[in-house]
Amino acid sequence: MHSRQTRLSFYLLLPFCCSVLGFAVLGFVAPKLAPAADDAPDFSRRIKPILVKRCFSCHGPDKAEGGLRLNDQKSAHGELDSGEVAVLPGKPEESALIARVLSREEGERMPPEGEPLKPEEVALLKSWIAHGGKWELHWAFRPRGKPAPPAVSRTGWVRNPIDAFILARLEKAGLAPAPPAGKVALIRRATQNLTGLPPSPQEVQDFVNDASENAYEKVVDRLLESPHYGEHWARHWLDVVRFAETNSYERDGPKPNAWKYRDYVIRSLNDDKPYDQFVREQLAGDELPKPTVDSITATGYYRLGVWDDEPADPLLARYDELDGILTTTAQAFLGLTINCARCHDHKIDPIPQADYYRMLAFFQGLRSYGTRADQTSFNQTEISPPALQTAYQQVERRERALDKSMRDVEQRGIVKMPAEEQRKTETNERQQVLKDKLQEFLDETEWKQYEVLRAEREAVRRQRSQLAPREMVLSVARCIARPPPTHIMLRGNPHVPGAEVGPGFPHLFDSASPEISPPAPGAKTSGRRIVLADWITSPENRLTARVIVNRLWQHQFGRGIVRSPNNFGQIGVPPTHPLLLDWLAENLVQGGWRLKRFHKQLMMSAAYRMSSQGNDAGLKKDPANDLFWRFNMRRLSAEEIRDAIHFVSGRLNAKMYGPGIYPDISPEVLAGQSRPGEGWGKSSLEEQARRSVYIHVKRSLITPILANFDFPETDASCEARFATTQPSQALGMLNGAFAQREAAFFAERLVREAGEDRAARVGLALQLALCRQPEQVDIDWGVGLIESLIQKHQRDEKQALTQFCLIVLNLNEFLYLD
C-alpha cells in the first residue's frame, strides 16, 4: 500500500522540497570518477579543470605572475623567475607546483586565497607529473578517431557496439548495468522520446501481448515513421537555433512567414533528410547549384535572431546582428564559443580574435534583417509557381505603365491650377484636389483620355486581385554579391577598425585556407557561405558529427555524452565516454548522415532498454550516473506536458503545419507587454488543441504553461533546458484556466467512454494518463477521492469527476518518464 501511494504522489507537492535539490540541479557539476592507479590522468578531463579553476587567474592566458603560465607547457616546464621549475616531468616531488600547493606557509601556499586544493586534486597533479606532465591537445580539437568496440566480459548483455563501450566502462568501475525496463515503461519511453506523445492504451496492450523477438523493433520502426516524430524533434532543433517569430525589443514586431522555417524543419526530419544536407540548406540554401523552395526556406535560419528596428548605434547594431549569427552557427554546428573572441583573443580556447573576424567575413554578404522603413525586402523571397510569378509581373508592369500615363495627364492639368492648389498636389491632399479640380483644368480630349486610362487601370487591378496569393518565405534576400571588407574591431568596437581579414576557418582545425572565386557578373551572392557550409559538413570536420550525435544522445538518454552540448571547448564539460562519442560520429557519417537510422541504433541497444531503478552499488560509486549504469529518469518537457494533457482529454488536434496558433492568455499576463495584447491573435478551441510546436513564439509573450515548465530563452541558442521545480508549476496545473478546462474535457471523455460506473471511469482515466493498467488499489483511491469530494465537499458528480481528473494530471507518474 505504501509503495502504491508513493507511485501516485502528487507533482504539486514537489515545490516545497526543492529548496535543497534546486541548488544542486542549477549548480550541477559532474563528479569525477578517479582513474585507476596505474593510469595517467586524462589532461583534458582531470588536470585542465583544476588548473583553470584554481590557477589561471594568476598563471594563465592573462597573467603570468612569477613568469609562470599554466596554460602553456613550455612555460610550465621552463625555469621561472625564482629559478624553480613548476612542472618537472616524472618528478612530482621536485616540482614547484606540488611544493606550493602542499605548503602551509602563508607566502608560499598556492592558491594564495580560498580553500587549498583537496587531497584528491593534489594526488591527480602528482600522478600527472609522474607520467610526464604533458599538455595534451584538447580532445575536441583532435581529428576524430575510429575506435573499435572494446572487449567485455559480459558479452551476453551486448546487443550492438554501443553496449560494448558502455559495459567496458562499467566493468572497469566494478558496476553492473541495471536490469531491463518493463515493457510498459519501455514503450512509454520510446514513444515519448520519438514523438513527444504518450502511447495509446491499445498501443501499450499490443506491445505487451506481442511475444515475438522483434516486438520492440516493430514499435521503434512504427514510431520513426510517425509524422509526430518530426514535430517532436523539430522542437529540439528550434531550441538550438533560437527560433522565434518576432524581433524582440520594445515593439517585438512580427517576422513574416517565420513559421515556414519551423515547417521546413519538421518536414526535413520526417523525410529523413541527411544531416549534412540539412545543414548546407540552412547555411547556404540560396547558394546551392540548384536552389529549391526547401533550400530557400531553410535560409530563414539567418533571420531568427533579435533585431532592433530603432538602434541608438546602427553600426553597433549591425555587428551585434552578425555576432548573433556567428555565435549561433559556431555553437549549433561546431560546439564552439567563437563569440568569446569578439573583443579579444579567447581566454581559454586557442581562438585568436582574428579567427572570429575571419569567420564573420563569411556572413558579410548578408544584408541586415531590415530597416525601420522597410522590414520585408531583405528577408522575404517569393516562391510562388513560375506561372503565377509571370502573371503578377505582367499585370504589375501594365499597372505601372498606366500609372505613368495617368500622371502625365494629371500634370498637364496641375500646371494650369492656382499656385495654392499646385502645392496641395505635393502633399497628402493630392488625390482630393485631383478629384475635385482636375476635370476643370483639362480639355475634353484630355479628360476622355484620363477616364479611359483610369478604367483600364481599375480593370488591371481587378485582374490582379483575382490571382492566387503570392507565396513568400522568411529567408535571405538581396544579398551583397561583393561584400565590404572585414576588419578586426579593436576591443570589439566597430567604430575602431583594425587590420583587414578575409574569410577563413579557425586555425585550431588546421584546415587549408578557403578558396572563394570572385562572383561572376550579375551574381546575386558572394558564394562565401557555400564554402563555409561545405567545410562544416565535410566528413573530415573534427566537430560537426561529434556535436550532432551528442545532441541526439542527449535527448534519447537524458543528457549528452558531453554535458555542455554547445561548448566542446576547454571550458566545456569533458565527454564521459570519448571513444563512444567518436564511434557514434563515425557511424553517423558512414551511414550517410541519416538520423532515423542513428536513432534506431541508439534505441535498439541494451543501454537504452535499461531500467531507471537505482541500486546501492551504483548510487554509491556513480550517483550522477556518469557511466550510464541505469537509464536517466526525466520530467516531460513543457510541450510534452501540454500535448499529453490534450491527448488524454481526447482533444489533441493532429493537424500539421501552417501559421502559428494562439492559446488563450489571461488579460493580466497580456498587460505585462509594452503594448498589451498587441501581436497575439485569437484561435478557436479546436485550433488551440494542436501540438505545442505550432504555438506562435512571441519573444515578449511566451505562453504561460510553457514558460512555467522551462521553455527556453529565445534570444540565444539553448543547448539544454533546465528542469526546475517551482511553485508556479503547481499553481498553474491546479488553478490555471487551461488545466481546469482540459480536466473538464477529460471528465467528459470518461463519461462518454466508460459510462456511469465510477470504478470504470477511474480505471480508464489512470490507463490513459499513466499508460498502464491500474491496479485495484489505484482504482480504490480514485473512487474514494470522488466520493470524498461529493460527501465532504458538497460537489456534484460532474464537479467531483472533473476535480479527480485534475488531480490525475498532477500525478508524478503522469509528468515523469520511468
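Residues numbered from 1 in each chain as written. Predicted model: local features only at pLDDT ≥ 70, side-chain atom pairs only at ≥ 80, totals over all residues. Heavy atoms only, no water.

What follows concerns the overall build of the chain. Helices and strands together make up the secondary structure of the chain, namely 36 helices and 6 strands. Expressed as a percentage of its 818 residues, the buried residues of the chain come to 53%. Long-range contacts, defined as pairs at least 24 residues apart, comprise 70% of the intrachain contacts of the chain with a sequence gap of at least 6. Carbon and sulfur atoms form 54% of the exposed surface of the chain, whose accessible area is close to 37100 Å². In the chain, 106 side chains carry a positive charge and 106 a negative one; their mean positions are 2 Å apart. (Helix = DSSP H or I, 4+ residues; strand = E, 2+ residues; numbered from the N terminus. Buried < 20%, exposed > 50% of the residue type's maximum accessible area, 1.4 Å probe, protein only. Contact = heavy atoms within 4.5 Å. Areas by Shrake-Rupley, 256 points an atom, 1.4 Å probe, with all protein chains shown as cover. Lys, Arg positive; Asp, Glu negative; His and termini not counted. Charge placed at Lys NZ, Arg CZ, Asp CG, Glu CD.)

A few words on the packing of aromatic side chains. Inspection of every chain in the model, using the stated rule, returns 31 aromatic pairs. Three or more aromatic residues joined by ring pairs make a cluster, and in this case those are Trp237, Phe243, Tyr261, Tyr264, Tyr275, Phe278, Tyr301, Tyr302, Phe333, Phe363 and Trp593. We note Arg651 situated over the ring of Phe745; from NZ or CZ to the ring centre the distance is 4.4 Å. Directly above the ring of Tyr694 sits Arg690, whose terminal nitrogen or CZ lies 4.4 Å from the centroid. (Phe/Tyr/Trp six-rings, centres within 6.5 Å; stacked < 30°, edge-to-face > 60°. Lys NZ or Arg CZ within 6 Å of the ring centre and 35° of its normal.)

A word on unusual backbone geometry. The phi torsion of most residues other than glycine is negative, and most of the peptide bonds are trans. With omega at -5 degrees, the peptide bond leading from Met110 into Pro111 counts as cis. Looking at the element boundaries, Pro111 is found in the loop between helix 6 (96-102) and helix 7 (119-130). Despite not being glycine, Asp252 has its phi angle at roughly 45 degrees, a positive value. Residue position: Asp252 is located in the loop between helix 12 (227-240) and helix 13 (258-270). The exposure class of Asp252 is buried, given its relative accessible area of 3%. Notably, Arg478 is not glycine yet its phi reads approximately 55 degrees, a positive angle. Within the secondary structure layout, Arg478 lies in the loop between strand 2 (472-474) and strand 3 (486-489). In this structure Arg478 comes out as exposed when scored by relative accessible area, which is 55%.

Within soluble globular proteins, side chains that are nonpolar generally end up buried alongside one another. Membership of the largest hydrophobic core comes to 171 residues, with the highest contact counts inside it found for Tyr261, Trp553, Leu584 and Phe814. Top element by residues in this core is helix 16 (residues 314-334). It accounts for 8 residues. Leave out the neighbours within four places in its chain, and Tyr261 touches Trp237, Leu238, Val241, Phe243, Gln282, Thr297, Ala298, Gly300, Tyr301 and Leu304. The next biggest cluster of nonpolar side chains, apart from the first, holds 23 residues, and it includes Ile47, Cys55, Leu80 and Leu97. (Core = buried A, V, L, I, M, F, W, Y, C linked by side-chain atoms within 4.5 Å.)

For the structure shown, the criterion picks out 66 salt bridges. Notably, a salt bridge pairs Glu399 with Arg461, separated by 2.9 Å at the nearest N-O pair. Residue Glu399 is found in helix 18 (residues 386-414), and its partner Arg461 is found in helix 21 (residues 444-465); the two are separated by 62 residues along the sequence. You can call Arg461 partly exposed: its relative accessible area is 32%. Taken together, the shared-partner salt bridges connect Arg651, Asp664, Lys682, Arg741 and Glu742 into one network. (Salt bridge = Lys/Arg side-chain N within 4 Å of Asp/Glu carboxyl O.)

What follows is about helix 23 (residues 544-557). Between its first and last C-alpha, helix 23 extends 20 Å over 14 residues, near the 20 Å set by a 1.5 Å rise per residue. Extensive coverage of helix 23 is indicated by the burial of 13 of its 14 residues. Of the residues one or two after helix 23, Gly558 is the one with positive phi, at around 95 degrees. (Expected span 1.5 Å × (residues − 1).)

Moving on, we get to the environment of Pro198. The residue Pro198 is located in the loop between helix 9 (183-195) and helix 10 (201-209) in this model. According to the relative accessible area criterion, Pro198 is buried, its value standing at 7%. Considering only alpha carbons, one finds Pro198 and Val648, 450 residues apart in sequence, at a separation of 8.7 Å. The residues touching Pro198, leaving out its near neighbours within four places in the chain, are Thr191, Gln192, Ala644, Phe647 and Cys771.

This part covers the packing of helix 9 against helix 11 (residues 215-224). Where helix 9 contacts helix 11, the two axes come as close as 10 Å, and the packing angle between them is 20 degrees. Considering their axes alone, helix 9 and helix 11 lie roughly parallel with respect to each other. As for how helix 9 packs across helix 11, the hand of that crossing is right-handed. Taken together, the residues of helix 11 that come into contact with helix 9 (itself represented by Leu186, Ile187, Ala190, Thr191, Leu194 and Thr195) are Tyr216, Val219, Val220, Arg222, Leu223 and Leu224. (Axes fitted to C-alpha atoms, helices over the stretch in contact; angles between N-to-C directions. Parallel < 35°, antiparallel > 145°, perpendicular 65-115°, else oblique. Left-handed = near helix turned anticlockwise from the far one by under 90°.)

To continue, consider the side chain of Ser649. Positionally, Ser649 belongs in helix 27 (residues 638-649). Here the side chain of Ser649 touches His646 through a polar contact of 3.0 Å, landing on its backbone oxygen. Excluding residues that lie within four positions of it along the chain, Ser649 makes contacts with Glu742, Phe745, Phe746 and Arg749. (Polar contact = N/O pair within 3.5 Å; in protein donor to acceptor, adjacent residues only side chain to side chain.)

Mapping Leu388 onto the fold places it in helix 18. Judged by relative accessible area, which is 14%, Leu388 ranks as buried. Setting aside residues no more than four positions away along its own chain, Leu388 makes contact with Leu467, Ala468 and Pro469.

Let's shift gears to the packing of helix 14 (residues 275-284) against helix 22 (residues 528-536). For the pair helix 14 and helix 22, the least separation of the axes is 9 Å and the interaxial angle reads 160 degrees. The pairing of helix 14 with helix 22 is recorded here as roughly antiparallel in orientation. Where helix 14 crosses over helix 22, the two elements pack in a sense that is right-handed. Side by side, helix 14 and helix 22 meet where Val279, Arg280, Leu283 and Ala284 of the first sit next to Arg529, Ile530, Ala533, Asp534 and Ile536 of the second. Tallied by class, the residues present in the contact of helix 14 with helix 22 amount to 6 nonpolar, no polar and 3 charged. (Nonpolar A, V, L, I, M, F, W, Y, C, P; charged D, E, K, R; others polar.)

A word on the confidence of the model for the chain. Of the residues in the chain, 95% reach a pLDDT of 70 or more, and the chain-wide mean stands at 93. Predicted confidence is poor over residues 1-7, with pLDDT under 50, and the contacts of this stretch with residues over four places away or in other chains come to 8 contacts. Here residues 12-37 is a poorly scored stretch, pLDDT under 50, and it has 28 contacts once near neighbours within four places are set aside; other chains count. (pLDDT = per-residue confidence, 0-100.)

Another point: helix 9. The α-helix winds at 3.6 residues per turn, so residues separated by three or four positions along the chain end up facing the same way. Helix length check: helix 9, at 13 residues, gives a terminal C-alpha distance of 18 Å against a target of 18 Å (1.5 Å per residue), a fit within 8%. With 10 of 13 residues buried, helix 9 is to be regarded as a mostly interior element. Along helix 9, the residues classified as buried are Leu186, Ile187, Arg188, Arg189, Ala190, Thr191, Gln192, Asn193, Leu194 and Thr195. Just beyond helix 9, the residue with positive phi is Gly196, at close to 75 degrees.

Turning to the state of the cysteines, a few remarks are in order. Inspection of the entire model under this criterion finds 0 disulfides. Cysteine Cys55 shares no disulfide, and the gap to the nearest cysteine sulfur, in Cys58, comes to 9.0 Å. With no disulfide partner, Cys771 has as its closest neighbouring cysteine sulfur the one in Cys805, 15 Å distant. (Disulfide = S-S within 2.5 Å.)

With that settled, consider the environment of Pro149. With respect to the secondary-structure elements, Pro149 resides in the loop between helix 7 and helix 8 (161-173). For Pro149 and Trp583, which are 434 residues apart along the polypeptide, the C-alpha to C-alpha distance reads 8.1 Å. Ignoring sequence-local partners within four residues, the contact set of Pro149 consists of Pro161, Ala164, Phe165 and Trp583.

Moving on, we get to the side chain of Thr329. If you trace the backbone, Thr329 turns up in helix 16. Judged by relative accessible area, which is 1%, Thr329 ranks as buried. A distance of 2.6 Å separates a polar atom in the side chain of Thr329 from a polar atom in the side chain of Tyr301.

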